[in-house]
Amino acid sequence: MMTSIYRTTLLRFCLGLLLASLAATSFAAKKTTAPKSKATTAKVVKKAIAKPAIEDHGPGAIQGKYAKRANLKSESSSAQARQVADWVVDSGDNQNMPFVILDKKEAKVFVFHPHGGLRGAAPVLLGITVGDDSFPGVGNKPLSQVKPEEKTTPAGRFVAASDKNIKGADIVWIDYEGAVSFHAVVKGKPEERRAERLASPLPSERRISFGCVNVPVKFFKTALHASFKKSDGIVYVLPETRSVNQVFASFYDVNEKEKLASAAQDDPIAKFAAPIKF
């Protein structure tokens, strides 16, 4: 009789301990797995789906029916600068790299994003002598030995890259062999009046350098040099003594291309002729 009661009591006691243990475990589990607040959950989700920022270059090339054109926005330019910029964009000659148009006749530079949208434009100082050639060996001469007739800014298509000069200042090479580069305007000699010349509206006043292209300091940092930090680019220096075709062999007039393409589309016979190639 006592044995049966003892066993029953012991069984109830063990069962009570087991239930108490299960209740404590359940409570602890609920406490550690409590749902996160909405704000915390939102932060976690946002962090999980965040993507690298894509740089916005703004409006790109202007796409027409038969050709693409550079987007100069509201910036004024010479007809020659616009024609070359349109050709670069339409033909893809810049190979999807940033590019620069240097208009020597107007002493003005245009910097473009790879997609053909204008990044900025500014007046510049150029070689004091009019000419489209770089003299052999001029890049190895001390400045004191460079003759006046050798102080030219050469025309042509150049693969450009950022670098530093011997003083550690940032530059963008145009013609490495000829030691011609873009750089922020330097003070120079007082009689050269470089800052004053750079502010002059007359292109003829902006011819004073040994051949390098002096650019306004802020523009050089934020537009020109900034374009060449991540990659090389192409610089097109427009001629002043030769024709555009003589300097850029593959150049074509985008306006003429559009006219011919439009005429061929309207002429039922021309539609069956060989396609126009540029």
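My aim in this report is to walk through the structure given alongside it, one point at a time.

Scoring rules and cut-offs
- Residues numbered from 1 in each chain as written.
- Predicted model: local features only at pLDDT ≥ 70, side-chain atom pairs only at ≥ 80, totals over all residues.
- Heavy atoms only, no water.
- Phe/Tyr/Trp six-rings, centres within 6.5 Å; stacked < 30°, edge-to-face > 60°.
- Helix = DSSP H or I, 4+ residues; strand = E, 2+ residues; numbered from the N terminus.
- Buried < 20%, exposed > 50% of the residue type's maximum accessible area, 1.4 Å probe, protein only.
- Lys NZ or Arg CZ within 6 Å of the ring centre and 35° of its normal.
- Pairing = 2+ DSSP bridges.
- Salt bridge = Lys/Arg side-chain N within 4 Å of Asp/Glu carboxyl O.
- Axes fitted to C-alpha atoms, helices over the stretch in contact; angles between N-to-C directions.
- Contact = heavy atoms within 4.5 Å.
- 1 Å grid on protein atoms, 1.4 Å probe; cavity = no way out; pocket = protein on both sides within 12 Å on 5 of 7 lines; lining within 4 Å.
- Points joined across faces, edges and corners; volume = space filled by probe spheres on them.
- Nonpolar A, V, L, I, M, F, W, Y, C, P; charged D, E, K, R; others polar.

**A look at the packing of aromatic side chains**
For any two aromatic rings, the description comes down to two numbers: the centre-to-centre distance and the angle of the planes.
Okay, step 1: Inspection of the entire model under this criterion finds 7 aromatic pairs.
Okay, step 2: Between the aromatic rings of Phe99 and Phe112, the centroid separation amounts to 4.6 Å while the plane-to-plane angle is 5 degrees, which identifies the pairing as stacked. Here Phe112 lies in strand S4 (residues 108–112) and Phe99 lies in strand S3 (residues 99–103), a separation of 13 residues in the sequence.
Okay, step 3: Take Phe112: its relative accessible area is 1%, and that puts it in the buried class.
Okay, step 4: Plain terms: the ring middles of Trp173 and Tyr176 are 4.9 Å apart, the flat faces sit at 70 degrees to each other, and that makes the pair edge-to-face.
Okay, step 5: Members of the aromatic cluster, joined through ring pairs, are Trp87, Phe99, Phe112, Tyr236, Phe248 and Phe251.
Okay, step 6: Positioned above the aromatic ring of Phe210, the side-chain terminus of Lys151 is 4.2 Å from the ring centre.

**Examining the pairing of strand S9 (residues 180–184)**
Okay, step 1: Summarising burial for S9: 4 of the 5 residues are buried, a large majority.
Okay, step 2: Where strand S8 (residues 170–175) folds back on S9, the antiparallel hairpin that results is connected by 4 residues, among which Ala179 adopts a positive phi of roughly 55 degrees.
Okay, step 3: Here S9 runs beside strand S11 (residues 213–215); their pairing, made up of 3 bridges, is parallel. Pairing of His183 across the sheet is with Asn214, part of S11.

**Describing the pattern of salt bridges**
Okay, step 1: A complete count under the given rule lists 15 salt bridges for this structure.
Okay, step 2: A salt bridge links Asp93 to Arg157, with the nearest nitrogen and oxygen atoms 2.7 Å apart. In this pair, Asp93 is assigned in the loop between helix H3 (79–91) and S3 and Arg157 in strand S7 (residues 156–164), connecting sequence segments 64 residues apart.
Okay, step 3: Its relative accessible area of 17% is what places Asp93 among the buried residues.
Okay, step 4: Here Asp132 ties to Lys104 by a salt bridge, and the two come within 2.9 Å at their closest N and O atoms.

**Let's talk about the sheet that holds strand S12 (residues 233–237)**
Okay, step 1: Spatial strand order, S5-S4-S3-S12-S7-S8-S9-S11: 8 strands in an open sheet with mixed pairing. Each having just a single partner strand, strand S5 (118–123) and S11 make up the two edges of the open sheet. Put simply, the sheet's adjacent strands are angled 25 degrees from each other on average, direction ignored.
Okay, step 2: With respect to the sheet, H3 is in contact with S3, S4 and S12, its orientation differing from that of S3 by roughly 160 degrees.

**Brief notes about the layout of surface pockets**
Okay, step 1: There is about 1,200 Å³ of room inside the largest pocket.
Okay, step 2: Lining of the largest pocket is provided by 41 residues; of these, Leu143, Asn165, Ser181, His183 and Cys212 occupy positions nearest its centre.
Okay, step 3: Elements with a minimum of two residues in the lining of the largest pocket: S7, S8, S9 and helix H5 (217–227).
Okay, step 4: Taken together, the residues of the lining of the largest pocket sort by class into 17 nonpolar, 13 polar and 11 charged.

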